[in-house]
Amino acid sequence: MSSQSSEHGVPFLDLVTPHLELQEELLEAARQAISTGMFIGGPVVEQFEREFARFCGSRYCVGVSSGTDALRFALMATGIGRGAGVVTVPNTFAATIEAIIQTGATTHFVDVDPATSNMSVEGLRHLLKSPAGPSIKAIVPVHLYGDMCDMDPIMALAEEHGLTVIEDACQAHGSRYLSKGTVWRGAGTIGAAAAFSFYPGKNLGACGEAGAVTTDDPEVAQRIRIIRDHGQNEKYHHAVEGYNGRLDALQAGLLLVKLPHLQEWNDRRRAAAAIYSELLHGAPGIEIMPTVPWSHGNYHLYVVRSDRRDELRRHLAEAKIGFGMHYPVPLHLQKAFQYLGYRAGAFPVAEKLAGQIISLPMFPQITPDQQRRVAETLHLFSAARVP
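First, a word on what this report is: a plain description of the structure on this page. Just so it is clear, the model here is predicted, and its values are computed rather than measured.

## Brief notes about the pairing of strand β3 (residues 106-109)
Every other side chain in a regular strand lies on the same face of the sheet, so the side chains alternate between the two faces.
Line of reasoning, step 1. Across four bridges, the pairing between strand β2 (residues 85-88) and β3 is parallel. Pairing of V87 across the sheet is with H108, part of β3.
Line of reasoning, step 2. Assessed by its sense of winding, the connection that carries the chain from β2 through helix α5 (residues 95-101) to β3 is right-handed.

## Points about the state of the cysteines
Line of reasoning, step 1. Tallied over the entire structure, the rule returns zero disulfides.
Line of reasoning, step 2. This cysteine, C61, is not joined by any disulfide, and C56 carries the nearest cysteine sulfur, 7.0 Å off.
Line of reasoning, step 3. The class of C61 is buried, set by a relative accessible area of 4%.
Line of reasoning, step 4. C149 takes part in no disulfide bond, and the closest cysteine sulfur to it belongs to C170, at a distance of 12 Å.
Line of reasoning, step 5. Looking at C149, the relative accessible area reads 0%, which means it is buried.

## Quick word on the packing of helix α2 (residues 23-36) against helix α9 (residues 249-258)
Line of reasoning, step 1. Across the interface, α2 lies against α9 with an axial gap of 9 Å and an inter-helix angle of 150 degrees. In this view, α2 runs roughly antiparallel relative to α9, as classed from their interaxial angle. Judged by the twist between their axes, the crossing of α2 over α9 is right-handed. Where α2 abuts α9, its residues E25, L26, A29, A30 and A33 lie against L250, G253, L254 and V257.

## Things to note about the packing of aromatic side chains
Line of reasoning, step 1. One pass over the full model with this rule turns up 12 aromatic pairs.
Line of reasoning, step 2. Ring centres 6.2 Å apart and planes at 20 degrees place the aromatic pair F52 and F55 in the stacked group. Note that F52 and F55 are positioned in helix α3 (residues 43-56) at a spacing of three residues, about one turn of the helix.
Line of reasoning, step 3. Measuring from centroid to centroid gives 5.0 Å for F52 and F196, while their planes differ by 85 degrees, and the two rings are edge-to-face. Placement of the pair is F52 in helix α3 and F196 in strand β8 (residues 193-197), with a sequence separation of 144 residues.
Line of reasoning, step 4. Members of the aromatic cluster, joined through ring pairs, are F48, F52, F55, F196 and F198.
Line of reasoning, step 5. If you follow R72 out to its NZ or CZ, it ends over the ring of Y243, 5.3 Å from the centre.

## Concerning the environment of S130
Line of reasoning, step 1. Within the secondary structure layout, S130 lies in the loop between α6 (121-128) and β4 (136-139).
Line of reasoning, step 2. Of the polar contacts made by the side chain of S130, one reaches the backbone oxygen of L127; its length is 2.6 Å.

## What to know about the pattern of salt bridges
Side chains that carry opposite charge are capable of pairing whenever their charged atoms lie near each other.
Line of reasoning, step 1. Going through the model one piece at a time under the given rule, you end up with 14 salt bridges.
Line of reasoning, step 2. Linking E51 and R54 is a salt bridge whose minimum nitrogen-to-oxygen distance equals 2.9 Å. One end of the pair, E51, and the other, R54, are both in helix α3, three residues apart, so they sit about a helical turn from each other.
Line of reasoning, step 3. Overall, the relative accessible area of 31% leaves E51 in the partly exposed class.
Line of reasoning, step 4. With relative accessibility at 55%, the residue R54 sits in the exposed group.
Line of reasoning, step 5. One salt bridge in this structure joins E122 and R125, with 2.4 Å as the shortest N-O distance. Linking E122 with R125, this pair stays in helix α6, spanning three residues, or about one helical turn.
Line of reasoning, step 6. Judged by its relative accessible area of 52%, E122 is exposed.

The rules behind each value
- Residues numbered from 1 in each chain as written.
- Predicted model: local features only at pLDDT ≥ 70, side-chain atom pairs only at ≥ 80, totals over all residues.
- Heavy atoms only, no water.
- Pairing = 2+ DSSP bridges.
- Helix = DSSP H or I, 4+ residues; strand = E, 2+ residues; numbered from the N terminus.
- Right-handed = clockwise from strand over helix to strand, strands pointing away.
- Disulfide = S-S within 2.5 Å.
- Buried < 20%, exposed > 50% of the residue type's maximum accessible area, 1.4 Å probe, protein only.
- Axes fitted to C-alpha atoms, helices over the stretch in contact; angles between N-to-C directions.
- Parallel < 35°, antiparallel > 145°, perpendicular 65-115°, else oblique.
- Left-handed = near helix turned anticlockwise from the far one by under 90°.
- Contact = heavy atoms within 4.5 Å.
- Phe/Tyr/Trp six-rings, centres within 6.5 Å; stacked < 30°, edge-to-face > 60°.
- Lys NZ or Arg CZ within 6 Å of the ring centre and 35° of its normal.
- Polar contact = N/O pair within 3.5 Å; in protein donor to acceptor, adjacent residues only side chain to side chain.
- Salt bridge = Lys/Arg side-chain N within 4 Å of Asp/Glu carboxyl O.

So, in structure tokens, the structure goes:
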């Protein structure tokens, strides 16, 4: 991610204001950890797990040390490992396929829908019918920018082919999906399990690294509890080879302070997104991400597209407007993953989007005046477009 901001500008993200607003409660949570000496596990972690599960609408939540661990452990706990093929998309953060690869599984990509930037159902259907299909054991749909993938047809394909679905919900805290046109379901409650990240910049962010897995399956939840704690089912008795992937009590306490505010923060993001969409409507050369009827997203990011994206980011930087790019190089073209054997042109929609997308300032405390300044800057850029 790239961002630019300075005094009298508009920051891409404000991590100071919400912490100052909750400063006394956050400090009290820290004092509690210090005064009790309970830094790993314990009642605070368990309370956060219960409260976050309730927020999502899931039966179980298991706190872990990061969103990457959450996805890795969820895959492992559902039996995905060496020799298994796992399908995901190339326009996501590297952690998505790091988690897959580190289980010993093989990554398969499918392109994304040009309207939503999320997993193409037709691309998935085609891959599952290809020669690679029989090796595929799991699907990892990524709810990018906090917008829900179209999960009903993905789940139908998974059922048809006997596949496990693990949601990458690391950007989707509080997002909801309209299932079968009638029932709203929370992100993290649709697949066999789901991974959440509480990296500081997320809608629900820790003051450091943290993550969680949600699931309705008690056996999956218990396996993750064992995996995160060096494979121990009781102290010094190791049932499996595990990891040091626990959620520490300090971060759990800080997250407990923030969690009651998450719904309001998400609502404020949605209101800010509506303002942006109104202000930017009709701006030449600026394409607003469309909304879809099945997703009630959390606007973790507000993303627009421009064929002159690199010029636009320079224009924003000169105007002291913060921005981000999520993500400018698709994973199949990253040097680290060249060995997977993909080449440029393999996923044309994701590749095209990577050259167009730019994320505008978005956080719950953003003001209409700040948004107007952002919109005016984009309109000036559009007006200067060379015919």
